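# Examination of the molecular architecture
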Amino acid sequence: MRKLIAMSLLSLLSLMLPVLGCGSMSMSPSTQTDAMPKDGELMFPKNYKMFSTFLKGIQKPNAVRDLHINKTGAKAEQGKPFANGSILVMEVFKAQKDMNDEFAKDTQGNLLKGELAKVLVMQKGEGWESQAPEGMKNGDWLYSAFKPNGERLDVDYLKCRGCHLPLGDAKDYVHRYDEYFEKHGNAY
Ligand code: HEC
């Protein structure tokens, strides 16, 4: 009986410890684990317009895409993975149409940006890999899709993973990994 009381006291204490840890400036690892998001649960990076843009006007059959990266991400070195805290944002714009309902093009034959349709986000955090299903892990990246106003879109996140997975560790699951290092220059 005494053992039982001791044990329940112990478990009570271990329950309280993370809560107590919250009051201090640095969060204990256990509180961070509790707060670990999943795909679809990332915060909308409200200030992404202030991120550095490293690729602009990517041409798709009926859309145009721009890629942005936050400061932590921009510290990455070629041949190495992006650091935890990196945020990559892809803006997906509908292609503009002309009066004949055809896609409008500039003098170089490029589609023009119309309305912003979606904001797709990849973000990395310590241990976030544990949040992804076995066989679909993309390092510590998680995925979220938003409307331009920050509302979440209801999408199948296994599709994001499935299409970024083949890039593997070598490209840190980032499609434009090589171009990022070729083109971003000294962004910040
Ligand atoms: C059919 C394949 C495919 C799917 C599905 C997909 N992506 Fe991508 N993603 C790409 C490609 C290709 C690029 C590079 C830009 C381009 O060429 O259009 C990219 C680029 C990105 C980037 C910029 C970083 C990079 O990899 O270059 C982010 C962020 C991103 N995708 C997020 C998402 C999210 C979130 C989802 C799911 C909602 C998703 N992607 C689903 C193919 C895909």
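Please read these numbers as outputs of a predicted model, since none were measured by experiment.

### Looking at the packing of aromatic side chains
Considering all chains together, one arrives at 9 aromatic pairs under this definition. A centroid spacing of 6.1 Å and a plane angle of 25° characterise the contact between phenylalanine 82 and phenylalanine 181, whose relative ring orientation is stacked. Here phenylalanine 82 is found in the loop between α3 (71-74) and β3 (87-95), whereas its partner phenylalanine 181 is found in helix α5 (residues 177-183), with 99 residues between them in sequence. Across the pair, phenylalanine 181 and phenylalanine 82 agree in class, each one buried.

### Looking at the confidence of the model for the protein chain
Low-pLDDT portions of the prediction should not be read for the details of their coordinates. Per-residue confidence for the protein chain gives a mean pLDDT of 86; residues scoring 70 or more make up 79%. In the model, residues 17-32 has pLDDT below 50 throughout and makes 6 contacts with residues more than four positions away in sequence or in other chains.

### With respect to the sheet that holds β3
Sheet architecture is open: 5 strands sit in the order β1-β2-β3-β4-β5, paired in antiparallel fashion. Unpaired on one side and paired on the other, β1 (52-59) and β5 (141-146) mark the two borders of the sheet. Across the sheet, the axes of successive neighbouring strands diverge by a mean angle of 20°, strand direction being ignored. Examined bridge by bridge, β1 and strand β2 (residues 63-69) share 5 bridges and lie antiparallel to one another.

### Describing the pairing of strand β4 (residues 113-124)
Note that β3 and β4 share 8 bridges and pair antiparallel. For alanine 95, the partnering residue across the bridge sits in β4 and is lysine 113. By the bridge criterion, 6 bridges tie β4 to β5 in an arrangement that is antiparallel. For lysine 124, the partnering residue across the bridge sits in β5 and is tryptophan 141.

### Re the coordination of the iron atom of the ligand
Among protein atoms, the single one acting as a donor to the iron atom of the ligand is His164 (NE2), 2.2 Å away. Along the chain, histidine 164 turns up in helix α4 (residues 157-164).

### Observations concerning the site of the ligand
Looking at the ligand, there are 19 residues lining it, with Lys60, Arg65, Cys160, Cys163 and His164 nearest. With respect to the ligand, the side chain of histidine 164 contributes an N or O atom lying 3.0 Å from a nitrogen atom. Contact between the ligand and histidine 175: an oxygen atom at 2.8 Å from a main-chain N or O atom of the residue. Within the residue set of the shell around the ligand, elements represented by two or more residues are β2, β3, β4, β5 and α4. Per element, the largest residue contribution to the shell around the ligand is 4 residues, and it comes from α4. Taken together, the residues that form the shell around the ligand break down as 12 nonpolar, 3 polar and 4 charged.

### Observations concerning the pattern of salt bridges
A full pass over the atoms with the stated rule returns 10 salt bridges. For aspartate 101, the salt bridge goes to lysine 97, with nearest N and O atoms at 3.9 Å. Of the residues examined, aspartate 101 reaches a relative accessible area of 55% and is grouped as exposed. With a shortest N-O distance of 2.9 Å, aspartate 172 and lysine 124 are connected by a salt bridge. Separated by 48 residues along the polypeptide, aspartate 172 in the loop between α4 and α5 and lysine 124 in strand β4 bring together distant segments of the chain. Just as aspartate 172 is buried, lysine 124 falls in that class too.

Each value, and the rule that gives it
- Residues numbered from 1 in each chain as written.
- Predicted model: local features only at pLDDT ≥ 70, side-chain atom pairs only at ≥ 80, totals over all residues.
- Heavy atoms only, no water.
- Phe/Tyr/Trp six-rings, centres within 6.5 Å; stacked < 30°, edge-to-face > 60°.
- Helix = DSSP H or I, 4+ residues; strand = E, 2+ residues; numbered from the N terminus.
- Buried < 20%, exposed > 50% of the residue type's maximum accessible area, 1.4 Å probe, protein only.
- pLDDT = per-residue confidence, 0-100.
- Contact = heavy atoms within 4.5 Å.
- Pairing = 2+ DSSP bridges.
- Axes fitted to C-alpha atoms, helices over the stretch in contact; angles between N-to-C directions.
- Donors = N, O, S within 2.8 Å, 3.2 Å for Na, K, Ca; no water.
- Near = heavy atom within 4 Å.
- Polar contact = N/O pair within 3.5 Å; in protein donor to acceptor, adjacent residues only side chain to side chain.
- Nonpolar A, V, L, I, M, F, W, Y, C, P; charged D, E, K, R; others polar.
- Salt bridge = Lys/Arg side-chain N within 4 Å of Asp/Glu carboxyl O.

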